[in-house]
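Summary of structural features
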Amino acid sequence: MIWYTALVLAVAAERLAELAVALRNTRWSRARGGIETGRGHYPAMVALHTALLVGALAEVRLAGRPFLPLFGWTMVAVVVAAQALRWWCIRTLGRQWNTRVIVVPGLPLVTGGPYRWLRHPNYVAVAAEGLALPLVHGAWVTALAFTALNSVLMAVRIRCEDGALALATAPGVRT
């Protein structure tokens, strides 16, 4: 359980690093006329992602979930791959990456890196991590609950993001 707690805390530290990048990028975007949309769902997203971390640890401890080596190590590999994909997204988007939906009008749509193949690769990383992190140590209730709730949230988030990007990249829209 100690090593699993360390893994979950490492993911939490990674999330804090994301927030630091997002804050810096928020300032950059706003200084260039960035427009934020989707503020209403942001607190729910933060709460859900926090609940994932707390729920995984709590379920393993309270329900006595076992570590099954073959399955557990496979899920660790998925968690690591999800982190790699997430940071590839962050690197590819550069200053345009954010945990919030902030679009600077007139900037071109990014189509490099993982965006060459997927419209929303960061959300693939979130979904993979949200399923795999709890399953590393058998927390299947947390994995299922997060996946179900995240599916609803991502439907809202992707509609919001696509709408903001369509408006910001429309011909004639410039800052």
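Just above sits the structure.
Throughout what follows, the structure given in this document is the object of discussion. (Residues numbered from 1 in each chain as written. Predicted model: local features only at pLDDT ≥ 70, side-chain atom pairs only at ≥ 80, totals over all residues. Heavy atoms only, no water.)

1. A look at helix 3 (residues 69-93)
If you check helix 3, its first and last C-alpha atoms are 36 Å apart, about what 25 residues at 1.5 Å a residue would give, namely 36 Å. The inward-facing, buried residues of helix 3 contact helix 1 (2-31) and helix 4 (121-135). With its phi angle positive at about 60°, Gly94 sits one or two positions after the end of helix 3. (Helix = DSSP H or I, 4+ residues; strand = E, 2+ residues; numbered from the N terminus. Expected span 1.5 Å × (residues − 1). Contact = heavy atoms within 4.5 Å.)

2. Some words on the packing of aromatic side chains
Under the definition given, this model contains 5 aromatic pairs. Seen from their ring centres, Trp3 and Phe67 are 4.9 Å apart, and the 85° between their planes marks the pair as edge-to-face. Within this pair, whereas Trp3 is found in helix 1, its partner Phe67 is found in the loop between helix 2 (42-63) and helix 3, the two being separated by 64 residues in sequence. Of the residues examined, Trp3 reaches a relative accessible area of 34% and is grouped as partly exposed. Between the aromatic rings of Phe67 and Trp73, the centroid separation amounts to 5.5 Å while the plane-to-plane angle is 80°, which identifies the pairing as edge-to-face. Among the aromatic side chains, those forming a connected cluster through ring pairs are Trp3, Tyr4, Phe67 and Trp73. In this structure, Arg100 packs its charged tip against the face of Tyr42, placed 4.0 Å from the ring centre. (Phe/Tyr/Trp six-rings, centres within 6.5 Å; stacked < 30°, edge-to-face > 60°. Buried < 20%, exposed > 50% of the residue type's maximum accessible area, 1.4 Å probe, protein only. Lys NZ or Arg CZ within 6 Å of the ring centre and 35° of its normal.)

3. What to know about the nonpolar core
Of all hydrophobic cores here, the largest spans 17 residues; its most connected members are Tyr4, Leu7, Val8, Val79, Leu133 and Val136. Put simply, the parts of the chain that give this core at least two residues each are helix 1, helix 2, helix 3 and helix 4. Residues in contact with Val79, not counting those within four places in the same chain, are Val11, Ala132, Leu133 and Val136. One finds Val21, Ala22, Cys89 and Trp97 within the second-largest nonpolar core, a separate group that totals 10 residues. (Core = buried A, V, L, I, M, F, W, Y, C linked by side-chain atoms within 4.5 Å.)

4. Overview of the pattern of salt bridges
One pass over the structure, following the stated rule, counts 12 salt bridges. Of the charged contacts in the structure, one is a salt bridge between Glu129 and Arg86, with a shortest N-O distance of 3.2 Å. Residue Glu129 is found in helix 4, and its partner Arg86 is found in helix 3; the two are separated by 43 residues along the sequence. Residue Glu129 is classed as buried on the basis of its relative accessible area of 0%. Residue Asp162 is joined to Arg119 by a salt bridge in which the shortest nitrogen-to-oxygen separation is 3.3 Å. Of this pair, Asp162 sits in helix 5 (residues 140-168) while Arg119 sits in the loop between strand 2 (101-103) and helix 4, and the two are 43 residues apart along the sequence. Bridged by salt links that share partners, the residues Glu14, Arg15, Glu18, Arg86 and Glu129 form one connected network. (Salt bridge = Lys/Arg side-chain N within 4 Å of Asp/Glu carboxyl O.)

5. Focus: the side chain of Arg157
Turning to its location among the elements, Arg157 is positioned in helix 5. Those residues within four positions of Arg157 in sequence are excluded, and the remaining contacts are His41, Tyr42, Met45, Asn98, Thr99, Arg100, Val101 and Tyr123.

6. Re the packing of helix 1 against helix 3
As a packed pair, helix 1 and helix 3 sit with axes 12 Å apart at the nearest point and diverge in direction by 10°. Here helix 1 is positioned roughly parallel relative to helix 3, judged by the angle of their axes. From helix 1, Trp3, Leu7, Val11, Glu14, Arg15, Ala17, Glu18 and Val21 reach across to helix 3, where they touch Val76, Val79, Gln83, Arg86, Trp87 and Ile90. Of the residues contributing to the contact of helix 1 with helix 3, the split by class is 9 nonpolar, 1 polar and 4 charged. (Axes fitted to C-alpha atoms, helices over the stretch in contact; angles between N-to-C directions. Parallel < 35°, antiparallel > 145°, perpendicular 65-115°, else oblique. Nonpolar A, V, L, I, M, F, W, Y, C, P; charged D, E, K, R; others polar.)

7. Quick word on the side chain of Gln83
Structurally, Gln83 can be placed in helix 3. With residues up to four places along the chain from it excluded, the contact list for Gln83 reads Val11, Glu14 and Glu129.

8. Considerations on the environment of Ala127
Mapped onto the fold, Ala127 is located in helix 4. The class for Ala127 is partly exposed, based on a relative accessible area of 36%. Each C-alpha atom, one on Ala127 and one on Leu19, is 18 Å from the other, the two residues being 108 residues apart in sequence.

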